[in-house]
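# Survey of secondary and tertiary structure
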Amino acid sequence: MIGKSTKTVLLGLGLGLASAVLTFAPPAHAATTAGAGAGAGAMVDARKSGYEFMLPATQVLQRDDSQNPAMLWVKDGAARWSQIEGANGKSCASCHAHAKASMKGVAAKYPAYSSSLKRVINLQQQINFCRAARQGAVPFALENPALLGLESYVAFQSRGMLTAPSSDAVTVAAQNKGQSLFNQRMGQIDLSCKDCHVDLAGRSLAGNLIPQAHPTGYPLYRLAWQAVGGLQRRLRNCLVGIRAEPYAFGSEEMVALEAYLVKRAAGMPLESPAVRP
Amino acid sequence: MAHTILTVPAVAKSGEIIELRALIQHPMETGYRRSSEGVMLPRDLIRSFTCRFLERGKSGEGELVFSATLHAAISANPFLSFHTTAYASGTFVLTWSGDNGFTQTERAHIAVR
């Protein structure tokens with residue numbers, strides 16, 4: 001049994017702690033978090049999934065489908081897949097038939113450009129778009145449990161496949177915007193994502209190891225949440241932790257950060273549904 | 001209906017010690033927390049779990065294999081695993097029950113050779 005986690009007050013760091021973080025000397029070699037296409041040649045890939053930073057017991061929870069609580073969300077999504085919803089009398093299966101075939105590899109390329117919406121969207125937004133525009137149903141709020149179920153089920157069809165970020169001009173622009181957000185200091189604590197996830201990755205912060213921020217496990221079951229959540233919920237936690245005004249779910253900034261993280265993780269295997277502390 | 005994931009071997013040798021696993025989707029709300037709006041969240045717990053074994057061809061509610069009482073300190077989506085000795089073919093009947101009239105029963109069959 002999993003003990004009710006006494007809530008990692010993870011990034012609820014006071015300013016005192018933050019300045020302690022800042023006094024760490026960044027490792028001289030500044031981790032080579034290679035972006036897409038950069039890791040060529042004989043270079044060892046220094047990128048590590050958040051999985052590698054977890055305790056063995058949590059790793060087992062992720063690996064074993066009979067214990068992994070996120071599989072309950074996958075099961076929920078599977079049931080919803082063939083459920084008729086909305087004014088048009090259609091289920092996801094009416095158009096996409098068997099998810100095993102039609103959704104294989106789909107999660108590996110999101111966020112992606114939507115020619116219907118004329119902007120870059122993430123997987124939750126694509127599913128919600130189908131729900132509203134194609135099924136004629138009321139869209140879910142982002143991060144709603146039902147939407148997370150569907151997203152988990154879709155992402156599950158790509159488990160083990162390699163992250164393959166889209167490379168059209170609009171998505172690339174979003175990735176670039178995400179990169180500048182990633183490198184920009186923000187919040188009252190005045191830290192950038194890069195400060196923690198590149199320069200201080202592998203160090204500890206209030207009892208947590210700082211991972212490299214690869215998005216390969218999402219949606220995932222976080223013990224601190226006692227539930228499955230999407231990548232943007234995770235980003236929201238980090239933003240609140242540095243006392244920055246969090247971007248809204250589905251906002252251009254959130255999607256841009258997501259697009260950059262996926263690009264940084266190009267070629268790493270998808271783990272969803274993963275487990276994290 | 002809550003989603004469940006059961007792991008029970010479909011076949012076993014007579015006398016074999018087998019492991020059963022049961023995972024269920026449930027909030028296990030303690031009754032001690034407030035929502036982000038400051039409102040107390042009412043307690044919503046699974047209070048008990050039982051696993052009984054009903055031998056094939058027999059009637060009644062079967063023999064108790066394992067039971068547990070669950071409390072507020074147990075995580076959401078509780079996972080239970082336990083062992084028993086397989087001695088006959090039949091059905092494991094797993095029942096969770098708790099607050100707000102919650103009750104759910106799942107069955108798993110086993111063939112013992």
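Residues numbered from 1 in each chain as written. Chains lettered and ligands numbered in written order. Predicted model: local features only at pLDDT ≥ 70, side-chain atom pairs only at ≥ 80, totals over all residues. Heavy atoms only, no water.

In the structure shown here, the tally under the stated rule is 14 salt bridges over all chains. The salt bridge involving A:Asp190 is made with A:Arg185; its shortest N-O contact spans 3.2 Å. Two residues, B:Arg52 and B:Glu61, come together in a salt bridge whose shortest N-O distance is 3.5 Å. Through salt bridges with shared partners, a single ionic network connects A:Asp64, B:Glu19 and B:Arg21. (Salt bridge = Lys/Arg side-chain N within 4 Å of Asp/Glu carboxyl O.)

Let's shift gears to the interface of chain B and chain A. The interface of chain B with chain A comprises 19 residues on the first partner and 18 residues on the second. Summing both sides of the interface, chain B and chain A together bury roughly 1,600 Å²; the carbon and sulfur share of this comes to 57%. When the buried surface of chain B facing chain A is broken down by residue, B:His3, B:Ile5 and B:Phe79 rank first, second and third, together holding 33% of it. On inspection of chain B and its partner chain A, the count reaches 1 salt bridge. Across the salt bridge formed by A:Asp64 and B:Arg21, the nearest N and O atoms sit 2.6 Å from each other. At the junction of chain B and chain A, the tally comes to 7 residue pairs in polar contact (both at pLDDT 80 or more). Among the elements of the structure, strand 1 (4-7), strand 3 (17-24) and strand 6 (79-85) of chain B are those that each provide at least two residues to the side of chain B that touches chain A. Broken down by class, the residue content of the side of chain B that touches chain A amounts to 11 nonpolar, 7 polar and 1 charged. (Contact = heavy atoms within 4.5 Å. Buried area = accessible area lost by both parts, 1.4 Å probe. Polar contact = N/O pair within 3.5 Å; in protein donor to acceptor, adjacent residues only side chain to side chain. Helix = DSSP H or I, 4+ residues; strand = E, 2+ residues; numbered from the N terminus. Nonpolar A, V, L, I, M, F, W, Y, C, P; charged D, E, K, R; others polar.)

Okay, the sheet that holds strand 5 (residues 63-69) of chain B next. Across a sheet, strands are paired by hydrogen bonds formed along the backbone, either parallel or antiparallel in direction. Residues and elements named next belong to chain B. If you trace the 5 strands from one edge of the open sheet to the other, you get 2-8-7-4-5, paired in mixed fashion. Each edge of the open sheet carries a strand with a single partner, namely strand 2 (11-12) and strand 5. Strand direction decides the pairing type here: strand 4 (residues 46-55) and strand 7 (residues 90-98), joined by 9 bridges, are antiparallel. Looking across to strand 7, one finds that Ser48 is bridged to Ser97. (Pairing = 2+ DSSP bridges.)

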